[in-house]
Amino acid sequence: MKALVSNRILASRLLNMGFNKPRGPGCEVRDVPKPTIEPHEILVRVRAVAVNPTDFKHADIVSPPNSILGCDYAGEVVEIGAQAPGNWAMGDRVAGAVHGGLYSDRGAFAEYLKVDGDLAFKVPEGMTDEDAATLGVSIGTAMLALNQRLGIPWPSILKGSGRKDFVEGFPVLIYSGATTAGLMAIQFAKAAGCTVVVTASPRSFDLVKKYGADHVFDYRSKDVVAVITKQFPNITAALDCYSEAGSTEICAQVLKNKGGKVVTLLMDAKAKTPGVEVENIMAYTLMGKPFQWLAPIGPKWEARPEDRKALAELCKSGLELTKVIKPPPTRHLEGGFDGIISGLEKLRRGEASGCKFVITL
Ligand SMILES: NC(=O)c1ccc[n+]([C@@H]2O[C@H](COP(=O)([O-])OP(=O)(O)OC[C@H]3O[C@@H](n4cnc5c(N)ncnc54)[C@H](OP(=O)(O)O)[C@@H]3O)[C@@H](O)[C@H]2O)c1
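Everything quoted here is computed from the prediction, not taken from an experiment.

Details of the sheet that holds strand β9 (residues 195-200)
Pairing between sheet strands relies on hydrogen bonds along the backbone, with the strands arranged either parallel or antiparallel.
Then comes step 1: Read across the sheet, 6 strands follow the order β10-β9-β8-β11-β12-β13 without closing on themselves; strand pairing throughout is parallel. For this open sheet the edge positions go to β10 (215-218) and β13 (276-280), each flanked by a neighbour on one side alone. Across the sheet, the mean angle separating the axes of adjacent strands is 20° when strand polarity is ignored.
Then comes step 2: Sitting on the sheet, helix α7 (residues 224-231) touches β8 (171-175), β9 and β10, and the angle it makes with β10 is about 160°.

Following this line, the structure appears as structure tokens:
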């Protein structure tokens with residue numbers, strides 16, 4: 001089968017990490033063996049994928065050579081393992097996310113993809129493959145951050161997992177709500193009953209409101225902390241969907257009156273505000289397996305079985321979930337695998353604004 005495979009050696013990836021000036025795409029289309037499934041897995045014929053910033057970061061720095069890239073996919077079930085959970089039938093439409101860029105036999109940017117039967121969701125009728133392909137990473141990230149780490153319950157789906165001080169209207173800050181992660185988090189928080197306080201740039205105010213933001217503030221404004229805390233002096237929970245250039249400190253400052261927790265999406269994001277905890281998440285822990293970046297020298301993550309269980313619950317609720325969560329706006333890129341490579345380059349250049357690039361395979 002055809003797949004998009006990483007091709008940078010360790011030295012080149014270390015240089016990219018140090019100087020942030022990657023040359024070339026860091027990947028190429030190759031013929032590789034079609035994956036063989038385990039009894040708990042299903043095989044998916046991939047029909048559409050979405051590109052995420054993590055995919056080019058993997059191609060540039062993280063991925064060992066010969067790893068299949070890509071996390072977000074949608075397609076159809078073409079083989080079912082003898083003990084695969086999920087009640088799958090041949091031809092079912094399926095979507096989700098995998099840990100792309102780490103394994104030579106599993107990655108979304110491929111004609112065929114093997115996935116755990118309980119970590120994929122059924123695509124509802126009426127939703128296109130391209131829309132479905134935008135949901136895996138973004139919904140998983142929003143759920144992991146808001147539900148598992150900040151304790152915001154979603155009673156109909158993730159039972160019993162809420163924080164004790166949660167009441168209807170609980171205020172939560174979503175920093176950079178126009179990111180794909182942010183648009184999902186806004187909807188998740190809204191469905192949970194939160195008052196959703198969002199930062200975005202003015203070009204994205206209408207977009208984040210359309211996805212459920214109750215109050216929107218310009219993150220570029222010099223007095224953004226003062227303006228938010230004047231109106232919302234009691235915020236104790238924040239998700240920083242940007243996690244760069246001081247954004248985490250701004251979130252922490254918003255929480256400083258009462259203390260609380262900021263969840264970040266990038267490892268280097270830090271804040272020094274007393275009484276405010278900062279916790280980084282990696283959506284890959286949802287897959288329930290330990291992993292290491294830049295092996296053998298890079299950071300390691302332990303398996304988090306509770307994260308995997310939460311994702312499996314979310315996937316089981318698939319249809320219910322997609323009734324309340326709508327996909328982000330999409331922009332379709334032509335060219336199949338070449339379209340993926342050009343999508344990765346657009347993300348490197350920061351050209352995604354309020355939209356997700358999707359590619360039909
Ligand atoms: N740790 C994890 O598990 C995890 C999971 C998902 C994503 N991530 C990371 O989270 C980040 C967001 O990913 P994504 O795919 O959701 O993003 P995305 O959709 O590519 O984000 C695009 C948006 O970023 C916003 N933006 C650009 N410059 C900004 C700035 N200086 N300050 C604040 N916002 C700015 C823009 O919003 P405006 O129009 O408002 O300017 C733009 O619409 C990436 O770094 C990604 O690698 C991590």
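Looking at the packing of aromatic side chains
Then comes step 1: Counting across every chain of the model gives 6 aromatic pairs.
Then comes step 2: Aromatic pair Phe-166 and Phe-170: ring centres 5.3 Å apart, planes at 35°, arrangement tilted.
Then comes step 3: On the basis of relative accessible area, Phe-170 is assigned to the buried category, the value being 5%.
Then comes step 4: Within the aromatic cluster, the residues linked to one another by ring pairs are Tyr-284, Phe-291, Trp-293 and Trp-301.
Then comes step 5: In this structure, Arg-45 packs its charged tip against the face of Tyr-112, placed 5.5 Å from the ring centre.
Then comes step 6: Just above the ring of Trp-88 sits the side chain of Lys-122; from NZ or CZ to the centre is 4.9 Å.

What to know about the environment of Gly-100
Then comes step 1: As for its position among the elements, Gly-100 is in the loop between β5 (93-97) and β6 (112-116).
Then comes step 2: You can call Gly-100 buried: its relative accessible area is 2%.
Then comes step 3: Apart from residues lying up to four places away in sequence, Gly-100 is in contact with His-58, Ile-68, Leu-69, Gly-70, Cys-71, Arg-106, Gly-107 and Tyr-284.

Scoring rules and cut-offs
Residues numbered from 1 in each chain as written. Predicted model: local features only at pLDDT ≥ 70, side-chain atom pairs only at ≥ 80, totals over all residues. Heavy atoms only, no water. Pairing = 2+ DSSP bridges. Helix = DSSP H or I, 4+ residues; strand = E, 2+ residues; numbered from the N terminus. Axes fitted to C-alpha atoms, helices over the stretch in contact; angles between N-to-C directions. Contact = heavy atoms within 4.5 Å. Phe/Tyr/Trp six-rings, centres within 6.5 Å; stacked < 30°, edge-to-face > 60°. Buried < 20%, exposed > 50% of the residue type's maximum accessible area, 1.4 Å probe, protein only. Lys NZ or Arg CZ within 6 Å of the ring centre and 35° of its normal.

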